[in-house]
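# Fold and geometry: a report
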Amino acid sequence: MAERSSTSPSWTTPSWTNWGRNVEAHPVRIAHPASTAEVVTIVRGAVSAGHRVKAVGASHSFTAIAATDGVLLRLDRMNAIVATDTARRRVRVQAGISLRNLNPLLLARGLALPNLGDVDPQSVAGAVSTGTHGTGGALFGISRAVVGVQLVTATGEVLEIDEHHPWFGASRVTLGALGIVTEVTLQCVAAFLLHAREEPMPLPAVLEQVDALVADNDHVEFYWFPHTEKTQVKRNNRVIEGTARQPLGRLRHWVDDELLSNTAFEGINRIVAKRRSWIPRVNAVAASALSAREYVDDSFEVFVSSRTVRFRESEFAMPRDALPHVLGELAAWFGAGHENISFPIEVRFTAADDVWMSTGHERDNCYVAVHQYWRTDHRAYFAAAQDIFTAHEGRPHWGKLHTLDATYLAQRYSRFTDFVAIRDELDPGRTFGNPYLERVLG
Ligand SMILES: Cc1cc2nc3c(=O)[nH]c(=O)nc-3n(C[C@H](O)[C@H](O)[C@H](O)COP(=O)(O)OP(=O)(O)OC[C@H]3O[C@@H](n4cnc5c(N)ncnc54)[C@H](O)[C@@H]3O)c2cc1C
């Protein structure tokens, strides 16, 4: 179980790798349980054989959080809606269902998740366990919508943790450390349409108006092109009742979201991976090619984009007033000529939540995410960015690359010790442990 290296030995055990292709592991066995009862049997069997256990979702975490050399569970057969409470707008789902499959099923029931990130292959359990989030100054990450969790513990006990349970605060973002999540109850909202407005704006203008942009829009985010002052700003707002869907035309969707954002971007990245001095000019041209567009569509169609260009990512949450300083320090690093970076920097916002291990715990945040094409070494860039982010009380996304440990993280989370105490009680033998969890939880 390791970060990839070119000298990895060959193995005969099954192998697993993440989406970013930077983490690989060799579990003793891969199991596909179809029910909570089967998960219990597998966990008990693994414990008595002395193996660790870990569930993976869509393997979309860039960190080694999901890696295991023990028994790996894929919950892809546990992918149904178990119950719908229409009056309270709640659904109970099996934990392996992907957001991509869940969203249309919710729409068919007149429901939606209140907020989403920018892709949808993740499983519900995986997205929730790492604190996956989108953007919205008064909104939260996906885990804040969780109102109940069914958890299989290391002894094979099945726990039901609801809003009244003393461990509720720890049970939504678990980092996979407390047990196997088998079912999740989600508080949804009525299905809604979003009006999307996307337009280029100069970075100084964005920073000047950033408080108003965040306050005046349900969801706002922007992409800043390194080595330029160009950004693309996305505002998504709920429409008034009676507004009709006006989705993007198929040709415009294909040109913008498949051809330019994926096919052409992949080609550009392959070229600049070898011609890194071209990047500032290429970024300036790419940013100038962006144009304004508006459309109205179902919320999840607006939130989610297709991402076929493989990359690695690091993202930190920071207090909102740190944003201009953080971007200024990143600009200074680019300006010092350390490295040329082709991927735009993504900036998002969320409101303070009550989820103990959420990056949003009790703090209104801005998020700054840095990306590197997967064929290019990310380490120097991400290390420099991490130094900037941690100087501003940054909390790393649990599923995105960072090198921080429990000593640092305990200072950033006021309920860190409480979370670790629950872990000690539920999993004293570290059945659900792995080296990443040892590092971040101690
Ligand atoms: C292209 C791309 C885009 C992304 N966009 C965003 C974004 O917009 N916003 C954002 O916040 N993040 C984003 N991420 C990060 C991603 O959402 C998280 O890393 C998320 O955890 C991935 O979900 P997954 O189902 O792939 O989980 P995995 O990566 O497979 O697992 C994540 C963790 O959840 C645990 N887990 C999974 N299932 C269970 C279970 N049943 N019981 C207990 N533990 C479980 C795993 O053991 C592991 O600890 C993105 C990642 C990629 C690759």
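Residues numbered from 1 in each chain as written. Predicted model: local features only at pLDDT ≥ 70, side-chain atom pairs only at ≥ 80, totals over all residues. Heavy atoms only, no water.

## A few points about the pairing of strand β15 (residues 219-224)
The buried count for β15 comes to six of six residues, which makes it a mostly enclosed element. The alternating pattern of β15 places His219, Glu221 and Tyr223 on one face and Val220, Phe222 and Trp224 on the opposite face, and all of these are buried. One ladder, built from six bridges, connects β15 with strand β16 (residues 230-238); its direction is antiparallel. Paired with Val220 across the strands is Arg235, a residue of β16. The hairpin turn running from β15 into β16, its antiparallel successor, is five residues long, and His227 in that turn takes a positive phi close to 70 degrees. By the bridge criterion, three bridges tie β15 to strand β19 (residues 345-350) in an arrangement that is antiparallel. Along β19, the bridge assignment pairs Trp224 with Ile345. (Buried < 20%, exposed > 50% of the residue type's maximum accessible area, 1.4 Å probe, protein only. Helix = DSSP H or I, 4+ residues; strand = E, 2+ residues; numbered from the N terminus. Pairing = 2+ DSSP bridges.)

## Quick notes on the domain arrangement of the chain
Considered domain by domain, the chain is made up of domain 1 (2-74), domain 2 (81-190) and domain 3 (193-396). Between domain 2 and domain 3, the C-alpha centre-to-centre distance is 25 Å. Contact with domain 2, which involves 27 residues of that partner, is made by 29 residues of domain 3. Summing both sides of the interface, domain 2 and domain 3 together bury roughly 2400 Å²; the carbon and sulfur share of this comes to 57%. Together, Asp118, His133 and Thr135 form the three largest contributors to the area buried by domain 2 at its contact with domain 3, with a combined 28%. Remark: the boundary between domain 2 and domain 3 carries four salt bridges. One can count 14 residue pairs in polar contact (both at pLDDT 80 or more) joining domain 2 with domain 3. Going through the elements one at a time, α2 (99-108) and α4 (168-171) are the ones with two or more residues in the side of domain 2 that touches domain 3. Per-class residue counts for the side of domain 2 that touches domain 3 are 13 nonpolar, ten polar and four charged. (Domains from an automatic or database assignment. Contact = heavy atoms within 4.5 Å. Buried area = accessible area lost by both parts, 1.4 Å probe. Salt bridge = Lys/Arg side-chain N within 4 Å of Asp/Glu carboxyl O. Polar contact = N/O pair within 3.5 Å; in protein donor to acceptor, adjacent residues only side chain to side chain. Nonpolar A, V, L, I, M, F, W, Y, C, P; charged D, E, K, R; others polar.)

## Regarding the sheet that holds strand β6 (residues 71-74)
Reading across the sheet, the three strands line up as β4-β6-β5 and stay open at both edges, with parallel pairing between neighbours. Sheet topology places β4 (29-31) and β5 (53-56) at the edges, where each strand pairs with a single neighbour. Averaged over all neighbouring strand pairs, the angle between strand axes comes to 25 degrees, with direction disregarded. Strand direction decides the pairing type here: β5 and β6, joined by four bridges, are parallel. Bridge assignment links Val56 to a residue of β6, and that residue is Arg74. Running over the sheet, helix α1 (residues 36-48) touches β4, β5 and β6 and is turned about 170 degrees from β6. (Axes fitted to C-alpha atoms, helices over the stretch in contact; angles between N-to-C directions.)

## Focus on the side chain of Thr359
Residue position: Thr359 is located in the loop between β19 and β20 (365-373). Look at Thr359 and you get buried, because its relative accessible area is 5%. The contacts of Thr359, once residues within four sequence positions are left out, are Ala317, Asn365, Tyr367, Arg395, Pro396, His397 and Tyr413.

## Topic: the packing of aromatic side chains
Taken as a whole and assessed by the stated rule, the structure comprises 13 aromatic pairs. Relative to Phe303, the ring of Phe192 has its centre 6.5 Å away and its plane inclined at 75 degrees; by these criteria the two rings are edge-to-face. Of this pair, Phe192 sits in the loop between β13 (189-190) and β14 (193-202) while Phe303 is found in helix α9 (residues 299-303), placing the two residues 111 residues apart along the sequence. With a relative accessible area of 7%, Phe303 lands in the buried category. One aromatic cluster in this structure is built from Trp19, Phe62, Phe265, Phe311 and Phe343. Positioned above the aromatic ring of Tyr413 is the side chain of Arg395, whose terminal nitrogen or guanidinium carbon lies 5.0 Å from the ring centre. The ring of Trp356 carries Arg415 above its face, with NZ or CZ at 4.1 Å from the centroid. (Phe/Tyr/Trp six-rings, centres within 6.5 Å; stacked < 30°, edge-to-face > 60°. Lys NZ or Arg CZ within 6 Å of the ring centre and 35° of its normal.)

## Quick look at unusual backbone geometry
Peptide bonds are, in most cases, trans, and in most cases residues other than glycine have a negative phi. Positive phi outside glycine occurs at Arg89, with the angle close to 55 degrees. Among the structural elements, Arg89 can be located in the loop between β7 (81-85) and β8 (90-94). For Glu362, which is not a glycine, the phi torsion comes out positive at approximately 50 degrees. Residue classification places Glu362 among the exposed positions, given a relative accessible area of 58%.

## A short note on the pattern of salt bridges
Enumeration over the complete set of coordinates arrives at 24 salt bridges. Arg197 serves as the salt-bridge partner of Glu199, at 2.9 Å between the closest nitrogen and oxygen. We classify Glu199 as buried; its relative accessible area is 19%.

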